[in-house]
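Secondary and tertiary structure notes
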Amino acid sequence: LGYNALTANTTGASNVAVGTSALAANTTASSNTAVGKEAMLSTTTGDSNTGIGKDSLRANTTADAEGAVAVGYAALSALTSGASNTAVGYQTGNDITIGSNNTSLGYNTQSGNFSGSTILGVGAVSTANNQFVVGSSGTNAGSVTAEVNTSANVWNVVINGVARKILLA
């Protein structure tokens with residue numbers, strides 16, 4: 001539904017496209033949902049993806065596996081083939097092209113092409129694989145206080161843009 005939506009589709013099934021040029025390049029991909037102008041514009045064969053918002057999953061071509069979910073203007077807009085990414089928020093994850101298994105929530109959160117990260121908060125940025133990032137140096141997600149403790153186990157996280165160790169029992 002919309003000008004140029006699903007126009008290249010040949011054998012793809014169970015797709016929903018709403019908006020100008022939504023899923024326009026799709027040829028054989030199935031089970032995709034694209035809502036918004038140019039949502040999933042470049043998807044050709046990627047299955048089981050959801051792009052809601054203008055330019056969401058715009059560059060996606062073949063990403064699938066458990067699918068990508070992008071909600072928000074330009075969410076995951078540069079993703080081409082990374083699998084199982086979830087991004088909710090304005091321009092969230094729009095720097096990921098091949099990273100996989102990331103979860104991003106918040107305005108302009110980024111993970112680069114790293115994989116396995118959870119990124120929460122305005123401007124939060126992952127700088128390596130398998131990170132848990134909360135907040136950014138520009139927008140803090142709470143205060144951090146210093147204490148003297150010892151523990152054999154720690155959880156390495158990034159809070160407000162600073163690497164921290166959370167003591168575990």
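Everything that follows concerns the structure shown earlier in this document.
Residues numbered from 1 in each chain as written. Predicted model: local features only at pLDDT ≥ 70, side-chain atom pairs only at ≥ 80, totals over all residues. Heavy atoms only, no water.

Description of the layout of surface pockets
Over the atoms, a rolling probe the size of a water molecule traces out where space has been left empty. Reported here for the largest pocket is a volume of approximately 280 Å³. Every residue lining the largest pocket is listed: Val144, Thr145, Ala146, Glu147, Asn149, Ile159, Arg164, Lys165, Ile166 and Leu167. For the lining of the largest pocket, the leading source of residues is strand 10 (residues 162-168), giving four residues. Considered class by class, the residues forming the lining of the largest pocket number five nonpolar, two polar and three charged. (1 Å grid on protein atoms, 1.4 Å probe; cavity = no way out; pocket = protein on both sides within 12 Å on 5 of 7 lines; lining within 4 Å. Points joined across faces, edges and corners; volume = space filled by probe spheres on them. Helix = DSSP H or I, 4+ residues; strand = E, 2+ residues; numbered from the N terminus. Nonpolar A, V, L, I, M, F, W, Y, C, P; charged D, E, K, R; others polar.)

Some details on the pattern of salt bridges
On inspection of all chains with the given rule, the structure shows three salt bridges. The closest approach of N and O atoms between Asp55 and Arg58, which form a salt bridge, is 3.1 Å. Taken together, the shared-partner salt bridges in this structure form one network comprising Glu38, Lys54, Asp55 and Arg58. (Salt bridge = Lys/Arg side-chain N within 4 Å of Asp/Glu carboxyl O.)

Here's the deal with the sheet that holds strand 6 (residues 103-105)
One open sheet holds the ten strands; their spatial order is 1-2-3-4-5-6-7-8-9-10, and the pairing between them is mixed. Since the sheet does not close on itself, it has two edges, and those belong to strand 1 (16-18) and strand 10, each with one partner. This sheet shows a mean twist of 10° between the axes of neighbouring strands, independent of strand direction. (Pairing = 2+ DSSP bridges. Axes fitted to C-alpha atoms, helices over the stretch in contact; angles between N-to-C directions.)

Side note on the nonpolar core
Ala34, Leu57, Leu76 and Leu79 are the most contacted members of the largest nonpolar core, which has 15 residues in total. Apart from residues lying up to four places away in sequence, Leu57 is in contact with Met40, Leu41, Thr43, Asn49, Thr50, Gly51, Ala68, Ala70, Ala75, Leu76, Ser77 and Leu79. (Core = buried A, V, L, I, M, F, W, Y, C linked by side-chain atoms within 4.5 Å. Buried < 20%, exposed > 50% of the residue type's maximum accessible area, 1.4 Å probe, protein only. Contact = heavy atoms within 4.5 Å.)

Examining the environment of Leu167
Position of Leu167 among the secondary structure elements: in strand 10. Classification of Leu167 by relative accessible area gives partly exposed; the value is 38%. If near-sequence neighbours (up to four positions away) are discounted, Leu167 is found in contact with Asn149, Thr150, Ser151, Asn153 and Val154.

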